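Listed here are the chains, written in short residue letters.
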Amino acid sequence: MEIAVTHYVVLACVLFAIGVYGIITRKNILIVLMCLELMLNSCNLLFVVFSRLYEGSTGHVFVLMSVTVAAAEVAVGLAFVVSIYRQKESLDIDLLKMLRG
(Lines give C-alpha, C1' and ligand atoms only; values in the text may rest on other atoms or scores of the structure.)
Protein backbone atom coordinates (compact mmCIF):
# COMPACT_ATOMS: atom_id res chain seq x y z
CA MET A 1 0.00 0.00 0.00
CA GLU A 2 1.55 3.26 -1.12
CA ILE A 3 0.72 6.62 0.35
CA ALA A 4 -0.63 9.10 -2.19
CA VAL A 5 1.20 12.33 -2.99
CA THR A 6 -1.77 14.34 -1.74
CA HIS A 7 -1.22 12.99 1.77
CA TYR A 8 2.34 14.30 1.74
CA VAL A 9 1.23 17.66 0.37
CA VAL A 10 -1.43 17.99 3.07
CA LEU A 11 1.11 17.05 5.75
CA ALA A 12 3.59 19.62 4.44
CA CYS A 13 0.88 22.30 4.35
CA VAL A 14 -0.16 21.53 7.92
CA LEU A 15 3.46 21.66 9.11
CA PHE A 16 3.99 24.95 7.27
CA ALA A 17 0.80 26.40 8.78
CA ILE A 18 1.89 25.37 12.28
CA GLY A 19 5.22 27.08 11.66
CA VAL A 20 3.57 30.29 10.45
CA TYR A 21 1.20 30.27 13.42
CA GLY A 22 4.13 29.82 15.80
CA ILE A 23 6.09 32.68 14.26
CA ILE A 24 3.10 35.02 14.41
CA THR A 25 1.93 34.22 17.94
CA ARG A 26 5.06 33.41 19.97
CA LYS A 27 7.34 35.94 21.61
CA ASN A 28 10.20 33.64 22.57
CA ILE A 29 13.08 33.77 20.09
CA LEU A 30 13.90 30.06 20.44
CA ILE A 31 10.31 29.05 19.67
CA VAL A 32 10.29 31.34 16.63
CA LEU A 33 13.52 29.75 15.36
CA MET A 34 12.05 26.27 15.84
CA CYS A 35 8.92 27.28 13.92
CA LEU A 36 11.10 28.62 11.13
CA GLU A 37 12.90 25.28 10.96
CA LEU A 38 9.53 23.50 10.88
CA MET A 39 8.53 25.58 7.86
CA LEU A 40 11.83 24.81 6.16
CA ASN A 41 11.42 21.08 6.80
CA SER A 42 7.92 21.12 5.34
CA CYS A 43 9.38 22.57 2.13
CA ASN A 44 12.09 19.92 2.19
CA LEU A 45 9.40 17.25 2.45
CA LEU A 46 7.74 18.58 -0.69
CA PHE A 47 11.06 18.70 -2.54
CA VAL A 48 11.66 15.02 -1.78
CA VAL A 49 8.10 13.94 -2.57
CA PHE A 50 8.00 15.64 -5.96
CA SER A 51 11.51 14.52 -6.77
CA ARG A 52 10.47 10.95 -6.13
CA LEU A 53 7.21 11.42 -8.03
CA TYR A 54 8.97 12.66 -11.17
CA GLU A 55 11.87 10.22 -10.71
CA GLY A 56 14.60 12.84 -10.60
CA SER A 57 17.32 13.71 -8.17
CA THR A 58 17.01 17.49 -8.36
CA GLY A 59 14.77 17.69 -5.29
CA HIS A 60 17.23 15.70 -3.24
CA VAL A 61 20.02 18.08 -4.21
CA PHE A 62 17.91 21.06 -3.16
CA VAL A 63 17.18 19.38 0.17
CA LEU A 64 20.89 18.83 0.80
CA MET A 65 21.61 22.48 0.08
CA SER A 66 18.66 23.54 2.22
CA VAL A 67 19.82 21.44 5.17
CA THR A 68 23.30 22.96 4.84
CA VAL A 69 21.87 26.47 4.89
CA ALA A 70 19.62 25.54 7.83
CA ALA A 71 22.62 24.31 9.83
CA ALA A 72 24.41 27.60 9.25
CA GLU A 73 21.22 29.48 10.12
CA VAL A 74 20.89 27.62 13.40
CA ALA A 75 24.50 28.31 14.34
CA VAL A 76 24.20 32.04 13.64
CA GLY A 77 20.72 32.26 15.16
CA LEU A 78 21.78 30.59 18.39
CA ALA A 79 24.80 32.88 18.60
CA PHE A 80 22.42 35.85 18.39
CA VAL A 81 20.14 34.30 20.99
CA VAL A 82 23.00 33.76 23.42
CA SER A 83 24.25 37.31 22.87
CA ILE A 84 20.80 38.81 23.43
CA TYR A 85 20.22 36.67 26.50
CA ARG A 86 23.53 37.81 28.01
CA GLN A 87 22.60 41.45 27.49
CA LYS A 88 18.91 41.44 28.39
CA GLU A 89 18.54 38.17 30.40
CA SER A 90 15.32 37.46 28.50
CA LEU A 91 14.40 35.97 25.13
CA ASP A 92 11.31 38.12 24.57
CA ILE A 93 11.08 39.45 21.01
CA ASP A 94 9.70 42.78 22.22
CA LEU A 95 13.09 43.48 23.85
CA LEU A 96 14.69 43.43 20.40
CA LYS A 97 12.90 46.67 19.59
CA MET A 98 14.99 48.36 22.29
CA LEU A 99 18.23 47.25 20.59
CA ARG A 100 17.62 49.62 17.66
CA GLY A 101 18.35 52.86 19.46
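Residues numbered from 1 in each chain as written. Predicted model: local features only at pLDDT ≥ 70, side-chain atom pairs only at ≥ 80, totals over all residues. Heavy atoms only, no water.

S.K.: How would you summarise the overall build of the protein if you had to cite specific residues and measurements?
M.R.: The helix and strand inventory of the protein stands at 3 helices and 0 strands. Reading the protein from its N end, one meets helices and strands in the order α-α-α. Taken over the C-alpha trace, the protein has a radius of gyration of 17 Å; the compact-globule value for 101 residues is 13 Å, which it surpasses by more than 25%. Expressed as a percentage of the 101 residues in the protein, the buried residues total 20%. Sequence separation of at least 24 residues holds for 55% of the intrachain contacts in the protein that already meet a minimum separation of 6. Across the protein, the 7 positively charged side chains and the 7 negatively charged ones have centroids separated by 11 Å. (Helix = DSSP H or I, 4+ residues; strand = E, 2+ residues; numbered from the N terminus. Rg over C-alpha atoms; globule rule 2.2 N^0.38 Å. Buried < 20%, exposed > 50% of the residue type's maximum accessible area, 1.4 Å probe, protein only. Contact = heavy atoms within 4.5 Å. Lys, Arg positive; Asp, Glu negative; His and termini not counted. Charge placed at Lys NZ, Arg CZ, Asp CG, Glu CD.)

S.K.: Tell me what's going on with unusual backbone geometry, and back it up with residues and numbers.
M.R.: Notably, Glu 55 is not glycine yet its phi reads approximately 55°, a positive angle. Considering the arrangement of structural elements, one finds Glu 55 in the loop between α2 (29-53) and α3 (58-88). For Glu 55, a relative accessible area of 74% translates into the label exposed.

S.K.: Explain the packing of aromatic side chains to me, and be specific about the residues and the numbers.
M.R.: Two descriptors summarise a pair of aromatic rings, namely the distance from one centre to the other and the angle between the planes of the rings. Under the defined criterion, the tally for this structure stands at 1 aromatic pair. Seen in terms of ring centroids, Phe 47 and Phe 62 are 5.5 Å apart; in terms of plane orientation they differ by 15°. Their pairing is stacked. Within this pair, whereas Phe 47 is found in helix α2, its partner Phe 62 is found in helix α3, the two being separated by 15 residues in sequence. Judged by its relative accessible area of 36%, Phe 47 falls in the partly exposed class. (Phe/Tyr/Trp six-rings, centres within 6.5 Å; stacked < 30°, edge-to-face > 60°.)

S.K.: An account of the side chain of Ser 66 is requested, with residue identities and associated values reported.
M.R.: Relative to the helices and strands, Ser 66 resides in helix α3. Apart from the residues lying within four places of it in its own chain, the contact partners of Ser 66 are Leu 40 and Asn 44.

S.K.: So, the packing of α2 against α3: which residues are in play, and what are the values?
M.R.: Interhelical geometry of α2 versus α3 gives an angle of 175° and a closest axis separation of 9 Å. With respect to α3, the element α2 is oriented roughly antiparallel. Partitioning the contact of α2 with α3 into residue classes produces 15 nonpolar, 7 polar and 2 charged. (Axes fitted to C-alpha atoms, helices over the stretch in contact; angles between N-to-C directions. Parallel < 35°, antiparallel > 145°, perpendicular 65-115°, else oblique. Nonpolar A, V, L, I, M, F, W, Y, C, P; charged D, E, K, R; others polar.)

S.K.: Account for the confidence of the model for the protein, naming residues and giving values.
M.R.: With 96% of its residues at a pLDDT of at least 70, the protein reaches an overall mean of 88. The weakest mean pLDDT in the protein belongs to α3 at 88; the strongest belongs to helix α1 (residues 5-25) at 95. (pLDDT = per-residue confidence, 0-100.)

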